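Tertiary structure, described
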Amino acid sequence: MALSCGIVGLPNVGKSTIFNALTRSSQALAANYPFATIEPNVGEVPVPDERLAVLQELVSGERIVPATVRFVDIAGLVRGASTGQGLGNAFLSHIRETDAVAMVVRCFEDPNVTHVEGNPDPARDIEIIGIELGLADLATLTKRLDKLDREARSNPKVRPKLDAAKNLVAALEAGKPARSFAHGTPEAEVAAESFLLTAKPLLYVANIDEAQIGKPGPLVERVAEVARADGSGLVVLCGKIESELAGLSETEAREFCRELGIEHSGLDDLAVASYDLLGLMTFLTAGEKEVRAWTIERGTRAPQAAGKIHGDIERGFIRAEIVSYADYVKYRTMDALKAAGLVRSEGKEYVMQEGDVVNFRFNV
């Protein structure tokens, strides 16, 4: 299954509007009332990559195939979701199935758009979601602790896992998410095994209005403060404008952006940030038929990367002939790159790097 990023937040913060703009669709109902989204909507979104067009020109490629990231638009959460309020149980089960979280926070005032808490307050709204996810994780761990405690009595090797679970409970009770424990620690391992919601990587999305384009207001700064405090990323965009841009042609969208003083779409930032949040990276292939970005997880070795293209290439892997993108752009042809000694031959232990331009050699 492809890794996915769940779009979450309180009701009426712009989740479905942003999702529809991302996917250039209207499959998610965007309405001025809570719980317009019930069943999650899923969409594959291209990851912007300027390198592809450059390589296409160099090799006269017929088409470009970008990498994609999967987004899931999930029902809004309200106070008490962890105890079943609103669509709480559905919300929590849907977010549990995703691999990372993009939390949309409303950063604009609009009397015509209902706010379930009365008015937008980013710090409070973020705290509501954090508390509900934390309470859900505590309920999960309470059940896990009982089981681990029984196992530890007869098997001392389980004791470290039990201690890690207790540390997680203490952190959650203190208001700290499970992701605050570093990757590789016993606590992080138990959190992953328990599918804890607060263990998922988090990105904040500040949804602003048109008046704040180019000059975000104090509500955005409050989100930025929270993001800095917990080491999470932040993307600022205007869901309404992005929705309008999504309905235009590429030429019309560029002209509209110029009129608004926007350098590029905030959705591009969101797609790239979410791709990175999921721990994904890209290697490139360039041929006359197509120039393509292939998605792999960071740390993937060359044979497994080859398997993304075809299983036979992984099974018959001999070597990977690799050129850096920067060198390819500078020297422009494979003949010139070979003459300059810039085509590397890498074996089975090679760990792929972002932007590697690759040709795999294999036995049929």
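Preceding this paragraph is the structure being described.
1. Some details on the pattern of salt bridges
Using the criterion set out here, one finds 19 salt bridges in the structure. Note that arginine 51 and glutamate 354 form a salt bridge whose closest N and O atoms lie 2.8 Å from each other. Here glutamate 354 lies in the loop between β11 (344-346) and β12 (357-362) and arginine 51 lies in helix α2 (residues 50-59), a separation of 303 residues in the sequence. Taking relative accessible area as the criterion, glutamate 354 reaches 44% and is therefore assigned partly exposed. The residue aspartate 149 makes a salt bridge to arginine 153 at a minimum N-O spacing of 2.9 Å. Here aspartate 149 and its partner arginine 153 are both found in helix α4 (residues 122-154), four residues apart, which amounts to about one turn of the helix. In the salt-bridge network here, residues are joined through shared partners; they are Asp49, Arg51 and Glu354.

2. Some points on the nonpolar core
Counting residues in hydrophobic clusters, the biggest one holds 71 residues, and the most contacted among them are Phe71 and Leu270. Residues within four places of phenylalanine 71 in sequence aside, it is in contact with Cys5, Ile7, Phe19, Leu22, Asn41, Val42, Gly43, Val45, Leu270, Ala271 and Ser274. Listed in part, the 16 residues of the second largest apolar core include Val158, Leu162, Leu172 and Ala178.

3. Considerations on the sheet that holds strand β2 (residues 41-46)
Read across the open sheet, the six strands follow the order β2-β4-β1-β5-β6-β7; overall the sheet is mixed. Two strands close off the open sheet at either side, each with one partner strand: β2 and β7 (233-237). With strand direction ignored, the average angle separating the axes of adjacent strands in the sheet is 25°. Two strands pair when backbone bridges link them, and β2 and strand β4 (residues 68-73) are joined in this way by six bridges, in the antiparallel orientation. If you follow valine 42 over to β4, its bridge partner there is valine 72. Lying on the sheet, α4 is in contact with β5 (100-106) and β6 (202-207); it crosses β5 at an angle near 145°. In the packing of helix α7 (residues 218-230) onto the sheet, contacts are made with β5, β6 and β7, and the angle to β6 comes to roughly 170°.

4. Brief notes about the environment of leucine 133
Along the chain, leucine 133 falls in helix α4. Residue classification places leucine 133 among the buried residues on the basis of a relative accessible area of 7%. Separated by 66 residues in sequence, leucine 133 and alanine 199 have C-alpha atoms that sit 9.9 Å apart.

About the thresholds
Residues numbered from 1 in each chain as written. Predicted model: local features only at pLDDT ≥ 70, side-chain atom pairs only at ≥ 80, totals over all residues. Heavy atoms only, no water. Salt bridge = Lys/Arg side-chain N within 4 Å of Asp/Glu carboxyl O. Helix = DSSP H or I, 4+ residues; strand = E, 2+ residues; numbered from the N terminus. Buried < 20%, exposed > 50% of the residue type's maximum accessible area, 1.4 Å probe, protein only. Core = buried A, V, L, I, M, F, W, Y, C linked by side-chain atoms within 4.5 Å. Contact = heavy atoms within 4.5 Å. Pairing = 2+ DSSP bridges. Axes fitted to C-alpha atoms, helices over the stretch in contact; angles between N-to-C directions.

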